[in-house]
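Chains, contacts and geometry: an overview
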Amino acid sequence: MTSAPTLTPEEIREAVATVLGIAPEEIADDANLAQLGLKSIQLMRLSGRWRRSGLDVDFATLAVEPTVRAWARHLGLDGNAPSEG
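What counts and how
- Residues numbered from 1 in each chain as written.
- Predicted model: local features only at pLDDT ≥ 70, side-chain atom pairs only at ≥ 80, totals over all residues.
- Heavy atoms only, no water.
- pLDDT = per-residue confidence, 0-100.
- Helix = DSSP H or I, 4+ residues; strand = E, 2+ residues; numbered from the N terminus.
- Contact = heavy atoms within 4.5 Å.
- Core = buried A, V, L, I, M, F, W, Y, C linked by side-chain atoms within 4.5 Å.
- Buried < 20%, exposed > 50% of the residue type's maximum accessible area, 1.4 Å probe, protein only.

Observations concerning the confidence of the model for the protein chain
Looking at the protein chain, pLDDT values average 88 and 85% of them are 70 or higher. Taking the mean pLDDT of every element in the protein chain, the minimum, 57, falls on helix H5 (residues 77-80) and the maximum, 97, on helix H1 (residues 9-20). Below a pLDDT of 50 lies the segment residues 80-85, which in the model reaches seven contacts outside its immediate sequence neighbourhood of four places, other chains included.

As structure tokens, then:
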């Protein structure tokens, strides 16, 4: 049985930093990524890339709360774990 792919907060931060052209250390967990300069087209590309890698993610979910912390909830172990019951 293979587990669903996940992203750590560090991986999310690195991907966003690359897109924004800044150092990952400049992005706090609760920083609003849109206020840091992340444009909707960049967000669409990130979500598309992550979806193609097997993550269950969509643009709208990420756009609602554009922070590393929120995205980690959706893209990390908690967000991709199979629901029980």
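Back to the write-up after that little detour.
What to know about the nonpolar core
Nonpolar side chains tend to gather and get buried jointly when the protein is soluble and globular. If you look at the biggest cluster of nonpolar residues, it comprises 20 residues, and the most contacted ones within it are Ile12, Val16, Trp50, Trp71 and Leu75. When contributions to this core are tallied by element, the ones reaching two or more residues are H1, helix H2 (40-52) and helix H4 (68-75). Apart from residues lying up to four places away in sequence, isoleucine 12 is in contact with Leu7, Trp50, Val68, Trp71, Ala72 and Leu75.

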